Amino acid sequence: MTVLLRPVEDADLIAVGALHHRSRAAAYADLLPPETFAARGPEALSAWWVERWKWERETHRMTVAEVGGELAGFTYVGPSETEGAAELYAIHLEPHRVGSGIGRQLMINALGQLAGFGAERAVLWVLADNPVARRFYERGGWTPDGATRVAPVNDHPMRQLRYSHPL
């Protein structure tokens, strides 16, 4: 399987939003009621990415992964509110691509991009009750740094842990 990693193009953003919706619905299926995903469908996430990218395209980086010309995943990185850090804001895959190695390729690419922000370390936030994501990050060299927060996911307060990775 050949994976192409490339910068996002404006024309990709609708598909990015739809993939983001499928990825969240699969990853959080045991954590959130299914109706919360219906209330925020792929159209809503697509519109959100189109709008967000308008404002952050100069300061953030989005990379998409393609397999056979089809979108397979994406990452989103940028400056962080955490002092001395850059942040991995998103890494999402098509649910049937989880475990294929594409996520690892995206993470390695993202770490290279994060280093370009001139920070000492990278950070990300992960749901405390998502052991699959936590194992993925830990295998990639990320470690919990002790910071926690409660933030809404589809309007449901969810406990999150901050992970760090040296750059």
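The preceding data block contains the structure.
Novice: Go over helix α1 (residues 13–27), please, and point to the residues and values.
Specialist: Along its 15 residues, α1 runs 21 Å from first to last C-alpha, staying within 8% of the 21 Å computed at 1.5 Å per residue. Among the residues of α1, those classed as buried are Leu-13, Val-16, Gly-17, Ala-18, Leu-19, His-20, His-21, Ser-23 and Arg-24. Buried positions along α1 lie against α2 (34–39), α3 (42–56), β2 (61–67), β3 (70–79), β4 (85–93) and β6 (143–153).

Novice: Just give me the short version of unusual backbone geometry, but keep the residues and values in it.
Specialist: For Asn-154, which is not glycine, the phi dihedral falls at a positive 50°. As for its position among the elements, Asn-154 is in the loop between β6 and β7 (156–166). On the accessibility criterion, Asn-154 (8% relative accessible area) is buried.

Novice: Describe the pattern of salt bridges, and please don't skip the residues or the numbers.
Specialist: Counted by the stated rule, this structure contains 9 salt bridges. Of the charged contacts in the structure, one is a salt bridge between Asp-12 and Arg-6, with a shortest N-O distance of 2.8 Å. Each member of the pair Asp-12 and Arg-6 is classed as buried. Between Arg-6 and Glu-66 there is a salt bridge; the shortest N-O distance is 2.7 Å. In this pair, Arg-6 is assigned in strand β1 (residues 3–7) and Glu-66 in strand β2, connecting sequence segments 60 residues apart. Looking at Arg-6, the relative accessible area reads 15%, which means it is buried. Assessed through its relative accessible area of 15%, Glu-66 is described here as buried. When salt bridges that share partners are traced, they join Arg-6, Glu-9, Asp-12 and Glu-66 into one network.

Basis of the calculations
- Position numbers for residues start from 1 in each chain and track the written sequence from start to end.
- For a predicted model such as this one, the threshold for reporting local features is a pLDDT of at least 70, and the threshold for listing and counting side-chain atom pairs is 80 or more; totals across whole chains, interfaces and linings nevertheless cover every residue.
- In computing side-chain values, all of the structure's heavy atoms are included and hydrogens and water are not.
- Where helices and strands are cited, they refer to DSSP runs of H or I of at least four residues and of E of at least two residues respectively, numbered from the N terminus.
- What a helix is expected to span follows from its residue count: subtract one and scale by 1.5 Å.
- Buried, partly exposed and exposed residues are distinguished by accessible area as a fraction of the type maximum, computed with a 1.4 Å probe on protein chains only: under 20%, between the cut-offs, and over 50%, respectively.
- Residues are treated as being in contact if the distance between any of their heavy atoms lies within 4.5 Å.
- Here a salt bridge means any side-chain nitrogen of Lys or Arg lying within 4 Å of a carboxyl oxygen belonging to Asp or Glu.

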